[in-house]
Amino acid sequence: MERRALYIAYLLNSPEEFKKKLQEKVKDIKDTIEKVEKKYGKDSKIIIKNSAMIDLKETLILALSYIAILNSDKAKEYKDKIIQKLAYIRENKILTLDQYKDAYNLLEQILMI
Amino acid sequence: MDENFQYPYVIPDLKTRFQIGFGNIIEQIASLLAYSEMYGDTETFDNEELKYKLRAAIAYALALLGSTWGYAMSAQTQRDVEMAKESLKALFSRIIKDPELTYLDLLDIYYELIQKVSIILNYGTPIPRPRTENYDIT
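Residues numbered from 1 in each chain as written. Chains lettered and ligands numbered in written order. Predicted model: local features only at pLDDT ≥ 70, side-chain atom pairs only at ≥ 80, totals over all residues.

A tally of helices and strands in chain A yields five helices and two strands. In sequence order, the secondary structure elements of chain A are arranged as α-α-β-α-α-β-α. The buried share among the 113 residues of chain A stands at 34%. (Helix = DSSP H or I, 4+ residues; strand = E, 2+ residues; numbered from the N terminus. Buried ≥ 20, exposed ≤ 12 C-beta atoms within 10 Å, placed from the backbone.)

Helix and strand counts for chain B stand at four helices and zero strands. When the helices and strands of chain B are placed in sequence order, the string is α-α-α-α.

A few words now on the confidence of the model for chain B. A low pLDDT score tells you not to read the predicted coordinates there in detail. Residues and elements named next belong to chain B. Across chain B, the average pLDDT comes to 78, with 69% of residues at or above 70. The low-confidence segment residues 40–44 (pLDDT under 50) makes four contacts with residues lying over four places distant or belonging to another chain. Predicted as a complex, the structure gets a pTM of 0.85 and an ipTM equal to 0.90. (pLDDT = per-residue confidence, 0-100. Contact = placed C-beta atoms within 7 Å.)

Before going further, it helps to spend a moment on helix H3 (residues 75–97) of chain B. Residue and element names in this part refer to chain B. With 23 residues, H3 extends 33 Å between its outermost C-alpha atoms, agreeing within 8% with the 33 Å of an ideal straight helix rising 1.5 Å per residue. All buried positions along H3 are accounted for by Ala84, Leu88 and Leu91. Buried-residue contacts for H3 involve helix H2 (48–66) and helix H4 (103–120). (Expected span 1.5 Å × (residues − 1).)

The next thing to look at is the interface of chain B and chain A. Tallying the contact residues gives 33 residues for chain B and 30 residues for chain A. Breaking the side of chain B that touches chain A down by element, the ones donating at least two residues are helix H1 (14–35) and H4 of chain B. With twelve residues, H1 of chain B is the single largest residue contributor to the side of chain B that touches chain A. Partitioned by chemical class, the residues of the side of chain B that touches chain A number 18 nonpolar, eleven polar and four charged. (Nonpolar A, V, L, I, M, F, W, Y, C, P; charged D, E, K, R; others polar.)

In this structure, Asp28 of chain A sits in helix H2 (residues 15–40). Distance from Asp28 of chain A to Thr59 of chain A, taken between C-alpha atoms, is 9.4 Å for residues 31 residues apart in sequence.

Here Leu97 of chain A is to be found in helix H5 (residues 97–111). Judged by local crowding, Leu97 of chain A falls into the partly exposed class, with 19 C-beta atoms found within 10 Å.

In summary, soluble globular proteins display a tendency toward joint burial of nonpolar side chains. Within the largest apolar cluster, 61 residues are counted, with the highest numbers of intra-cluster contacts made by Ala63 of chain A together with Phe22, Ala57, Ala61 and Leu113 of chain B. Ranked by the residues each element gives to this core, the list is headed by helix H3 (residues 50–70) of chain A, at eleven residues. Beyond its immediate sequence surroundings of up to four residues, Phe22 of chain B is in contact with Ala9 of chain A together with Ala57, Tyr60, Ala61, Leu64 and Val117 of chain B. (Core = buried A, V, L, I, M, F, W, Y, C linked by C-beta atoms within 7 Å.)

What follows covers helix H4 (residues 73–92) of chain A. Taking 1.5 Å per residue, 20 residues should reach 28 Å; H4 of chain A reaches 30 Å between its end C-alpha atoms and fits that length. Summarising the contacts, the buried residues of H4 of chain A are in contact with H3, strand S2 (95–96) and H5 of chain A together with H4 of chain B. Just downstream of H4 of chain A lies Lys93 of chain A, where phi reads positive at about 65 degrees.

All names here are of chain A. For Asn71, which is not a glycine, the phi torsion comes out positive at approximately 50 degrees. With respect to the secondary-structure elements, Asn71 resides in the loop between H3 and H4. Of the residues examined, Asn71 has 14 C-beta atoms within 10 Å and is grouped as partly exposed. The backbone of Lys93 shows a phi angle near 65 degrees, a positive value even though the residue is not glycine. Its place among the elements puts Lys93 in the loop between H4 and S2. Under the C-beta neighbour-count criterion, Lys93 is labelled partly exposed, with 14 such atoms within 10 Å.

So this is what it looks like as C-alpha cells:
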C-alpha cells in the first residue's frame, strides 16, 4: 500500500513515466474501439456504456493529471476539452461509437504534446 | 532496550511519509471522480466526500511543502514555495467557502492541486523509483 502510494508520488514527479502509463490506458481504449468496429462495423450507431465507459473516464482523469504535470501553455489548451468530455459523460452516462472515438482522438492528441 | 531489537522496516522520513499520504488520497480522489455517478443520481449526487478528500489532499500538499524546509534553495525557489503555499491555501478556502461547487469545479480544483504538487515534488531530493512498477494507477 505504501509502496503503491509512493509510486503515485513518483509518477507525479516524472512526466515521462506518467506518459507511459497514459499510453497503456489509451491503447486499451483503442483496442475497445477496434473490437466494437470489428463486431458491429465502423459506422455502427451502437451505444458505449458500462465498463468501456468507465475505462474512458479513468483514462480522461489520468490525461487531466498528465497535462497538469506538464504545466505548459500547450497542455492547458486541453484542460477544458477534457473537463467538458467528463462532464458530458457524467450527465449522459452513454456515448455513441463516434463520440467514443472522438474522446479517443483527444487522448491521442494529448499524447503528442 | 534490547540491543538486538531491530525495526521491521526502515521508517520513512517526513517528506516520504507525506508523499505516501498524498499518493494514497489522490488515488482515492481520482477514483471518486471517475466513478462518481455510480454513487447515485447525477442531480442529487453529494460531492461532500470528494470535497473532504480534496481538503485532506491539500493539507498533505501543504505538509509536503513544509517538509522542504531545510533544503538549500535559491531565492527564486523560495518565492515559488511561498506562491505555491498561497495557491494551496486559496484552493482550500475555495472548497470551504463555496457550498455550490459543482463536479466541474471539483475537476478544476483537482487539476490545480496536481499541478501545484508536481511542482512541489521537484523541491528537495528526487523521489526514488519504487521497485514495483506494474501498478494500474487508476
